[in-house]
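Descriptive structure summary
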Amino acid sequence: MNSNSNETVKLSSELDLDRPNLEDYLPSGSSIQEPRGKLRLRDLLDISPTLTEAAGAIIDDSFTRCFKSNPPEPWNWNVYLFPIWCCGVVIRYFILFPVRVLILTIGWIIFLSSYIPVHFLLKGHDKLRKKMERSLVELICSFFVASWTGVVKYHGPRPSIRPKQVFVANHTSMIDFIILEQMTAFAVIMQKHPGWVGLLQSTILESVGCIWFNRSESKDREVVARKLRDHVQGAENNPLLIFPEGTCVNNHYTVMFKKGAFELGCTVCPVAIKYNKIAVDAFWNSRKQSFTMHLLQLMTSWAVVCDVWYLEPQNIKPGETAIAFAERVRDIISVRAGLKKVPWDGYLKYSRPSPKHREQKQQSFSESMLRRLEEK
Amino acid sequence: MGSASSVLTQYDIEEVQEHCSNLFSQQEIVSLYQRFCQLDRNAKGFISADEFLSVPEFAMNPLSQRLLKMVDGLNFKDFVAFLSAFSGKATTQQKIEFIFKVYDSDNNGKVSFNDILEVLRDLSGSFMSDEQREKVLRQVLQEAGYSKESYLMLDDFIKVLSRSGLKMEVEVPVD
């Protein structure tokens with residue numbers, strides 16, 4: 001989730017050969033020439049299927065749609081609604097916002113004045129210290145949620161703290177983490193951020209257990225996989241929360257889940273999150289705004305309304321690959337939250353597609369050509 | 001149209017419509033403009049090659065580089081004119097003209113053996129050798145009454161492609 005969208009980093013290790021077939025999802029007709037007897041000049045010159053696909057992609061494509069923030073329809077456009085809206089703005093910015101900042105400040109004071117003593121004084125009593133730190137983190141997250149007037153409805157059984165399980169959820173903004181964390185102190189795996197967020201990550205989140213990754217390092221993947229495995233095995237560790245999409249999506253679609261969370265040999269508990277855009281769009285478009293601006297936007301809106309569903313834990317079926325398992329869980333989450341699935345890797349936001357896809361098209365074209373050349 | 005403001009006036013729409021020979025309806029032009037602004041991230045008034053390539057479906061197309069040369073840096077008016085060949089209202093001749101332009105990369109009005117070979121190379125990649133490509137091309141050219149030294153003009157393209165029932169249409173999503 002770094003803001004430098006011009007980085008074209010090649011993550012060829014991400015786009016594995018064992019991904020489900022992209023061709024099954026793409027809408028247009030195939031560019032495979034239908035075998036229709038002998039090869040003629042017009043078959044060779046007729047590149048219209050390939051051109052049509054390219055033009056179709058230029059005009060509209062399912063990947064860009066995932067990251068489009070859809071602004072709400074303006075409703076304040078007439079003579080008596082406009083003053084009402086103006087009053088609303090005044091209330092939100094000059095009454096609600098200062099109150100919320102106050103609540104948040106009080107929350108931080110309470111949190112820090114409890115956390116720092118607990119962290120240092122209870123050094124020897126690890127179990128008690130961890131328990132208190134967990135509760136304190138849940139507390140500060142509740143304060144955060146209150147500071148945007150978060151109206152969160154939780155459905156389903158609350159997560160139990162057991163070993164050998166991970167939680168996966170769809171990702172819309174970093175506030176997903178805060179909303180889930182206020183209910184259960186999860187350990188989290190995150191991209192290391194700069195600025196004040198990074199500071200929070202390295203101090204407070206350390207206490208609930210955190211794993212860092214660096215999206216731009218391809219070797220990082222193996223290291224992270226190992227850290228994940230170690231964490232899940234440890235009985236003392238907090239349950240791990242993973243966002244397998246790897247990037248923020250606009251809460252209308254889900255992109256492909258990375259298989260890392262699904263090959264740890266443990267139970268996967270899906271969590272679906274759906275935001276109601278009635279007051280504000282919670283999608284953090286990291287290309288358009290920084291996290292601070294995003295938080296400020298939330299804090300000057302009426303409320304953040306969302307539903308969280310804790311769904312039935314899933315285990316990998318015998319004979320199922322990690323990727324198929326990931327797709328199955330993605331299906332469960334997408335259906336529950338009413339999201340459409342697209343076959344794209346979220347990391348394509350930061351890098352180009354692997355040449356493998358183009359090569360598939362080239363291969364089928366070549367085979368068809370050569371076969372038809374032989375026909376009489 | 002000047003620099004890309006995010007509001008299109010009726011006059012702008014009519015100007016663009018005229019420029020694309022009325023092949024798109026006014027609603028389609030508005031949709032295309034929304035798309036143009038979406039791809040043109042910093043409102044420069046044109047879409048750079050990099051921004052086109054950020055659409056994965058386009059980047060994986062074998063002819064993407066060729067098309068990129070034609071569409072890179074176009075302003076909105078020319079962008080719509082470029083896409084007009086894919087409108088449902090475009091005639092077969094207009095579509096064939098577009099295909100001819102894709103082949104005629106040096107814009108000299110004629111397509112040589114090598115021009116066709118280049119496109120074939122894009123489409124087949126490493127799955128056909130140069131010898132195989134030349135063999136295929138020479139064979140079909142000969143059958144159609146041309147030779148390796150022939151230059152194909154637009155009329156030749158029209159003659160060869162008119163009968164094959166060209167299907168080259170993209171629907172512009174209109175909200």
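All residue numbers here refer to positions counted from 1 along the written sequence of the relevant chain. Key to labels: chains lettered from A, ligands numbered from 1, both in the order written. The model is predicted, so local features are restricted to residues of pLDDT at least 70 and side-chain atom pairs to those at 80 or more, both for listing and for counting; the totals for chains, interfaces and linings are taken over all residues. Calculation of side-chain values draws on the structure's entire complement of heavy atoms; hydrogens and water are dropped beforehand.

**Comments concerning the overall build of chain B**
Secondary structure is summarised from DSSP: a helix means a run of H or I of at least four residues, a strand means a run of E of at least two, and numbering begins at the N terminus for each. Of the regular secondary structure elements, chain B holds 10 helices and zero strands. If you list the helices and strands of chain B from N to C, you get α-α-α-α-α-α-α-α-α-α. Principal-axis analysis of the C-alpha atoms gives chain B an extent of 55 × 30 × 30 Å. For chain B, with 175 residues in total, the buried portion stands at 49%. Accessible surface area values rest on a Shrake-Rupley calculation with a 1.4 Å probe, where residue burial reflects the displayed protein chains alone. Of the roughly 8,500 Å² of accessible surface on chain B, a fraction of 46% belongs to carbon and sulfur atoms. Accessible area is worked out with a 1.4 Å probe on protein chains only. A residue is then buried under 20% of its type maximum, exposed over 50%, and partly exposed in between.

**Description of the pattern of salt bridges**
Salt bridges, as used here, are contacts in which a Lys or Arg side-chain nitrogen is within 4 Å of a carboxyl oxygen on Asp or Glu. For the structure on display, the rule yields 20 salt bridges over all chains. The partner of R328 of chain A in a salt bridge is E320 of chain A, with the nearest N and O atoms 2.8 Å apart. For R328 of chain A, a relative accessible area of 18% puts it in the buried group. Measuring nitrogen to oxygen at the nearest pair gives 3.8 Å for the salt bridge that ties K148 of chain B to E134 of chain B. On the criterion of sequence distance, the pair formed by K148 of chain B in the loop between α9 (130-143) and α10 (154-161) and E134 of chain B in helix α9 is long-range, its members being 14 residues apart.

**Quick word on the environment of N76 of chain A**
Topologically, N76 of chain A is positioned in the loop between α3 (62-65) and α4 (81-121). When near neighbours in sequence (up to four residues on either side) are disregarded, N76 of chain A contacts L81, F82 and W85 of chain A. A contact between two residues is defined here by any heavy atoms of the two lying within 4.5 Å.

**Section: the packing of aromatic side chains**
All names here are of chain B. Classification of ring pairs rests on two measures: the distance between centres of Phe, Tyr or Trp rings, Trp counted by its six-membered ring, which must be within 6.5 Å, and the angle between planes, read as stacked under 30 degrees, edge-to-face over 60 and tilted in between. Applying the stated criterion to the full structure yields 23 aromatic pairs over all chains. Among the aromatic residues, those joined into a ring-pair cluster are Y33, F36, F52, F58, F76 and F79. Any Lys NZ or Arg CZ found within 6 Å of a ring centre and within 35 degrees of that ring's normal is scored as a charge over the ring. When the ring centre of F46 is taken as reference, the NZ or CZ atom of K44 above it lies at 5.3 Å.

**Brief notes about the interface of chain B and chain A**
In this complex, chain B contributes 60 residues to the contact, which on the side of chain A involves 48 residues. Using a 1.4 Å probe, buried area is obtained as the accessible area two parts lose upon being combined, added over both of them. Of the roughly 4,900 Å² buried where chain B meets chain A, counting both sides, 70% is carbon and sulfur surface. Contact with chain A buries surface across chain B, with E57, M60 and F127 of chain B losing the most and accounting together for 15% of the total. In this structure, the connection of chain B to chain A is made through three salt bridges. Between D61 of chain A and R35 of chain B there is a salt bridge, with its nearest N and O atoms 2.7 Å apart. Distance and chemistry together define a polar contact, namely a pair of N or O atoms within 3.5 Å, with one atom able to donate a hydrogen and the other to accept it when in protein, and with adjacent residues in sequence counting only for side-chain atoms on both sides. Linking chain B with chain A are 12 residue pairs in polar contact (both at pLDDT 80 or more). If you tally residues by element for the side of chain B that touches chain A, the top one is α9 of chain B, at eight residues. Each residue is assigned to one class: nonpolar for Ala, Val, Leu, Ile, Met, Phe, Trp, Tyr, Cys and Pro, charged for Asp, Glu, Lys and Arg, and polar for all the others, Gly among them. Across the side of chain B that touches chain A, the residue classes break down as 40 nonpolar, nine polar and 11 charged.

**A few points about unusual backbone geometry**
The backbone phi angle of N251 of chain A is positive, close to 70 degrees, even though this residue is not glycine. With respect to the helices and strands, N251 of chain A occurs in the loop between β5 (240-242) and β6 (253-256). Here N251 of chain A falls in the buried class, since its relative accessible area comes to 5%. Located in the positive-phi region is S21 of chain B, a residue other than glycine, with phi close to 55 degrees. With respect to the element layout, S21 of chain B can be found in the loop between α1 (10-19) and α2 (26-39).

**Focus: helix α2 (residues 48-59) of chain A**
Residues and elements named next belong to chain A. Multiplying one less than the number of residues by 1.5 Å gives the expected span of a helix. With 12 residues, α2 extends 16 Å from end C-alpha to end C-alpha; this agrees with the ideal 16 Å at 1.5 Å per step. Most of α2 is tucked away: 11 of the 12 residues are buried. By the burial criterion, the buried members of α2 are S48, T50, L51, T52, E53, A54, A55, G56, A57, I58 and I59.

**So, the packing of α4 of chain A against helix α7 (residues 195-208) of chain A**
Residue and element names in this part refer to chain A. Axis angles are defined between N-to-C directions and span 0 to 180 degrees, where every axis is a line fitted to C-alpha atoms and, for a helix, only to the segment in contact. Look at α4 against α7: their axes get within 13 Å of each other, and the N-to-C directions meet at 65 degrees. α4 and α7 meet at a crossing whose hand is left-handed. Contacts from W108, F111 and Y115 of α4 reach α7 at L200, T203, I204 and S207. Taken together, the residues of the contact of α4 with α7 sort by class into five nonpolar, two polar and no charged. Definitions for this section: a left-handed crossing has its near helix turned counterclockwise from the far helix by less than a right angle. A right-handed crossing has that turn clockwise.

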